[in-house]
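What follows is each chain in one-letter form.
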Amino acid sequence: MICYQLRCAADHGFEGWYRDSSTFARLQHAGLLSCPECGTAQVEQAPMAPAIVSGGRKRADQTGPQVDHAGPDHMAGESAGGGAAQNPPAPAVTPDMVVSAMRQMRRTIEENCENVGERFAEEALRIHNGEAPQRGIYGDMTQPQRETLEDEGVEFHTLPWLDKTEN
């Protein structure tokens, strides 16, 4: 997993976790990333301090290598006061931010994918088998249809879907 520091066009900073750099690039290109604060899809990577993995040093409560984030004016693992460097706490996620992100997700899916409704499972299987063109689709399916897709190895994701009338 890769953690990126991100910044939107309105200069809101936040972080995102991705399987790899190509996953981030694909989601960004498709407009599927959005700012949790304002909902804009204009998201870019923000400059980040390098992560330095120190060899041999372990604290008693750690099982893996220690990672220190060094700023340009500090040695790895030291802050201006001489103590261990600490990242500032992440801003609290508010319900409004979640609703905004869910609205943006729905807008992006509706703009970029085809709504196949109750034919979702059938169409996903056709795409998987090469019988229909590759494209993004969304819709509904029953539990037995879900199990069939899983058995066939069809990749799909269940997403929270905020009704357009919900605030």
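A few points on the structure.

**Things to note about unusual backbone geometry**
- Here aspartate 11, not a glycine, exhibits a phi torsion of approximately 70 degrees, which is positive.
- Mapping aspartate 11 onto the fold places it in the loop between β1 (2-8) and β2 (13-18).
- You can call aspartate 11 exposed: its relative accessible area is 51%.

**Focus on a negative patch on the surface**
- The grouping of Glu147, Glu150, Asp151 and Glu152 at the surface amounts to a negative patch.
- With respect to the helices, strands and loops of the structure, glutamate 150 is situated in helix α4 (residues 143-152).
- In this structure glutamate 150 comes out as partly exposed when scored by relative accessible area, which is 47%.

**Regarding the layout of surface pockets**
- In this structure, the largest pocket spans a volume of roughly 1,800 Å³.
- Around the largest pocket, the lining is made up of 45 residues, and of these Leu32, Ile109, Ile137, His157 and Leu159 lie nearest the centre.
- Secondary-structure elements contributing two or more residues to the lining of the largest pocket are β2, α1 (21-29), α2 (95-112), β6 (114-117), α3 (120-128) and β7 (137-139).
- Here the lining of the largest pocket gets five residues from one element, more than from any other, and that element is β2.

**A word on the environment of threonine 142**
- Here threonine 142 is to be found in the loop between β7 and α4.
- Using a relative accessible area of 42% as the deciding quantity, one classes threonine 142 as partly exposed.
- Spatially, the C-alpha atoms of threonine 142 and alanine 121 are 8.5 Å apart, while their sequence positions differ by 21 residues.

**A word on the nonpolar core**
- If you look at the biggest cluster of nonpolar residues, it comprises 10 residues: Val116, Phe120, Ala121, Ala124, Ile127, Ala132, Ile137, Leu149, Val154 and Phe156.
- With four residues, α3 is the single largest residue contributor to this core.
- If we skip the residues at most four places from it in the chain, phenylalanine 156 touches Phe120, Met141, Arg146, Leu149 and Glu150.
- Grouped together as the second largest cluster of nonpolar side chains are nine residues, Tyr4, Leu6, Cys8 and Phe14 included.

**Regarding the sheet that holds β1**
- Strand order in the open sheet formed by three strands is β2-β1-β3, with antiparallel pairing between adjacent strands. Edge positions in the sheet fall to β2 and β3 (43-45), since each of these pairs with one other strand and no more. Here the average twist between neighbouring strands, direction ignored, is 45 degrees.
- Two strands pair when backbone bridges link them, and β1 and β3 are joined in this way by three bridges, in the antiparallel orientation. By the bridge assignment, arginine 7 is partnered in β3 with glutamate 44.
- Its contacts with the sheet place α1 against β1, β2 and β3, and it is angled at close to 30 degrees to β1.

Rules used throughout
Residues numbered from 1 in each chain as written. Predicted model: local features only at pLDDT ≥ 70, side-chain atom pairs only at ≥ 80, totals over all residues. Heavy atoms only, no water. Helix = DSSP H or I, 4+ residues; strand = E, 2+ residues; numbered from the N terminus. Buried < 20%, exposed > 50% of the residue type's maximum accessible area, 1.4 Å probe, protein only. Patch = residues over 30% accessible without salt bridge, like charges linked within 9 Å, V, L, I, M, F, W, Y side chains within 5 Å. Areas by Shrake-Rupley, 256 points an atom, 1.4 Å probe, with all protein chains shown as cover. Salt bridge = Lys/Arg side-chain N within 4 Å of Asp/Glu carboxyl O. Lys, Arg positive; Asp, Glu negative; His and termini not counted. Charge placed at Lys NZ, Arg CZ, Asp CG, Glu CD. 1 Å grid on protein atoms, 1.4 Å probe; cavity = no way out; pocket = protein on both sides within 12 Å on 5 of 7 lines; lining within 4 Å. Points joined across faces, edges and corners; volume = space filled by probe spheres on them. Core = buried A, V, L, I, M, F, W, Y, C linked by side-chain atoms within 4.5 Å. Contact = heavy atoms within 4.5 Å. Pairing = 2+ DSSP bridges. Axes fitted to C-alpha atoms, helices over the stretch in contact; angles between N-to-C directions.

Bear in mind that shape data such as this cannot, by itself, settle questions of function.
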